[in-house]
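Chain by chain, the residues:
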Amino acid sequence: MTLFSPSSSPSRRSIFLFPFVGVLAFTLIASASLELILRHWYADRTDKDMRQLMATTIDTLRRIGTDDYEIAVAVDSLGLAAPKYRLTISTADGRIIADSVLSEEGLEPGDSLAKSKEYLALQHSNEVRLSRYSAAADGEMLFLIKRFQVDNFKGLIRIGMQTAEFNGAIFELRLLLGGLALVALLSMAGLVSMFSRYINALMSREQSFLESRVEQRTRDILLLHRLTNMLAACQNLTEVQNVVEDIVPRIIGNTNCSVSLVNASRNLVEKKIDWGGEWPGDDIFNPDDCWALRKGKLHFSHDELSAQSCPHMGQCEQTTLCIPLLAHGNAIGLLHMMPGKDTSARIQDMTMTIAEHLGLALANLDMQERLRQQATRDALTGLYNRRHFEESLDKELSRSQRHHEPCGLLMIDIDHFKSFNDTFGHDAGDYVLKSLSLLLKDAVRNEDTVCRLGGEEIAVILPKANINDAIACADKLCRVIAGNHFQLNSTALGSVTISIGLSIYPIHAHSSEGLIKSADIALYDAKANGRNRFEVASISEDGEQGYCLVEPYNETDNNSNDRKMA
């Protein structure tokens with residue numbers, strides 16, 4: 001992995017360039033600052049040394065004298081003592097008397113300081129300090145020149161020093177700092193390269209982790225969306241169980257779970273759905289046996305914080321989670337889960353979300369079922385109503401037409417029911433209607449449909465029943481109803497009888513309207529001919545509806561063979 005790969009973003013490259021720029025800037029600033037400090041220090045020290053040498057020279061001249069010879073001796077002696085300085089003494093007009101570099105023979109009579117920059121600058125002051133190029137030294141020199149007077153002698157004393165040594169020291173310092181900077185940059189490059197590789201590896205792991213989390217979250221969202229859509233389309237608890245068994249384990253894993261619902265009286269909670277294994281808790285329990293229902297929020301049992309278990313879990317020692325299923329502000333049931341002690345927070349959060357969707361779906365399913373019952377059931381007897389009767393009859397006739405099978409229809413009416421109501425009251429009449437409905441439902445087959453059309457009129461649809469099957473069923477119903485004695489609150493109500501009209505598809509009619517009409521005509525004739533009997537609709541040669549008469553039921557006669565068809 002290179003430090004700056006082509007795939008590196010500009011922001012990442014700028015981040016890695018910052019240390020190099022910082023080290024380089026620090027080196028330049030440090031070099032300039034150190035050079036400035038050294039120059040000031042060197043200038044101060046040189047100035048101090050020059051002034052001390054100048055003072056020593058003047059003191060020496062005061063002691064030995066100021067003639068030319070004595071001045072030359074003093075300059076030579078001091079020049080030997082301070083070889084890096086060039087000491088020059090001249091008269092006030094600039095004529096050189098002695099120089100520590102030039103011997104007495106080397107001095108020319110015309111040598112003078114009058115044309116030097118320092119002499120010219122001295123015209124306006126008693127002391128001048130400057131730096132200039134010296135042809136004799138072939139380099140830059142620093143000069144300090146001053147007027148002095150010893151006894152009656154007035155002259156100039158000049159001390160010079162080459163700056164090449166100092167500049168060389170500065171250059172060496174620059175090389176040293178440059179080397180240190182290069183080492184620092186190389187070290188920084190190595191460290192940044194190692195750090196870059198570490199950061200890239202860390203970011204790659206983090207990116208992979210984030211991508212996996214995003215993928216997992218996306219998958220969870222898609223599964224939750226599908227779960228919500230499927231639950232909304234379910235029409236019964238069996239479909240709900242099939243959906244949750246298929247989708248929920250894909251979200252939270254193959255965890256043992258169950259769903260219990262509170263009954264309509266809210267005094268019992270019954271397990272309705274389970275998946276992931278056999279549920280160890282009670283199938284039916286009291287709502288007070290669950291801490292989650294008491295608290296109105298989730299409850300952990302046997303986790304790291306508490307060993308308090310719900311009573312409905314019995315002797316189960318595993319960690320369990322109970323989540324109330326809330327809908328419209330009411331707890332309609334529970335979602336039970338055995339997550340285990342190492343279950344992640346994601347699984348718990350997803351379980352809570354599943355519980356929310358499941359609670360709403362079950363509440364909607366219950367509401368749909370109640371609306372369906374209200375739309376298709378009679379409120380008093382619990383039988384199917386006229387709407388369901390018409391839909392079921394059309395459906396059964398269509399099926400019979402496809403499969404070329406018969407279908408029977410019984411139209412039933414309770415005999416003298418108005419007189420019964422007038423005698424015993426409407427409460428007794430309602431009780432008889434409900435009891436008679438239960439007797440009819442118990443007497444017919446499971447595939448038969450019993451419907452209350454209104455008042456005391458009841459219809460029974462007999463799928464796949466031929467005329468003999470329908471006659472046997474009608475005979476059975478007459479006997480069962482007539483043989484039952486009703487009693488309400490210790491009041492004997494006696495017995496009631498029914499009259500039945502019977503028609504068969506396709507013998508008597510090919511449509512639901514025709515079949516109902518045929519059965520109604522037969523029912524009216526049964527009532528007109530004495531009640532407590534059934535009659536079968538008939539068809540004559542000219543297409544007119546006819547009927548068969550049956551002997552009325554005699555309570556003393558228990559043999560159905562005695563009921564003869566006229």
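Residues numbered from 1 in each chain as written. Predicted model: local features only at pLDDT ≥ 70, side-chain atom pairs only at ≥ 80, totals over all residues. Heavy atoms only, no water.

**Here we look at the packing of helix 10 (residues 426-443) against helix 11 (residues 467-482)**
The geometry of a pair of packed helices is captured by two quantities: the angle between their axes and the separation between those axes. Relative to each other, helix 10 and helix 11 sit at 140 degrees, their axes nearing to 10 Å. The angle between the axes of helix 10 and helix 11 places the two elements in the oblique class. Considering how the two elements wind past one another, helix 10 and helix 11 form a crossing that is right-handed. Taken together, the residues of helix 11 that come into contact with helix 10 (itself represented by Leu436, Leu439, Leu440 and Ala443) are Lys476, Leu477, Val480 and Ile481. (Axes fitted to C-alpha atoms, helices over the stretch in contact; angles between N-to-C directions. Helix = DSSP H or I, 4+ residues; strand = E, 2+ residues; numbered from the N terminus. Parallel < 35°, antiparallel > 145°, perpendicular 65-115°, else oblique. Left-handed = near helix turned anticlockwise from the far one by under 90°. Contact = heavy atoms within 4.5 Å.)

**Overview of the side chain of Arg132**
With respect to the helices, strands and loops of the structure, Arg132 is situated in strand 3 (residues 127-134). A polar atom in the side chain of Arg132 sits 2.7 Å from the side chain of Glu118. With near-sequence residues (within four places) excluded, Arg132 lies in contact with Ser116, Lys117, Glu118, Gly139, Glu140, Met141, Phe143 and Arg158. (Polar contact = N/O pair within 3.5 Å; in protein donor to acceptor, adjacent residues only side chain to side chain.)

**A word on the environment of Val536**
Take Val536: it is sitting in strand 18 (residues 534-539). For the pair formed by Val536 and Ala474, sequence separation is 62 residues and the distance between their alpha carbons is 9.8 Å.

**Some points on the packing of aromatic side chains**
Tallied over the entire structure, the rule returns three aromatic pairs. Taking 5.9 Å as the distance between ring centres and 50 degrees as the angle between the ring planes, the aromatic pair formed by Phe148 and Phe153 counts as tilted. Of the two residues, Phe148 and Phe153, neither departs from the other in class, the shared state being buried. With a centroid separation of 6.2 Å and an interplanar angle of 10 degrees, the aromatic rings of Phe417 and Phe420 are classed as stacked. Here the residue Phe417 and the residue Phe420 both occupy positions in helix 9 (residues 417-424), the gap between them amounting to three residues, near one helical turn. Residue Phe417 is classed as buried on the basis of its relative accessible area, which comes to 6%. Classification of Phe420 by relative accessible area gives buried; the value is 8%. Here the aromatic residues Phe417, Phe420 and Phe424 are joined through ring pairs into a cluster of three or more. (Phe/Tyr/Trp six-rings, centres within 6.5 Å; stacked < 30°, edge-to-face > 60°. Buried < 20%, exposed > 50% of the residue type's maximum accessible area, 1.4 Å probe, protein only.)

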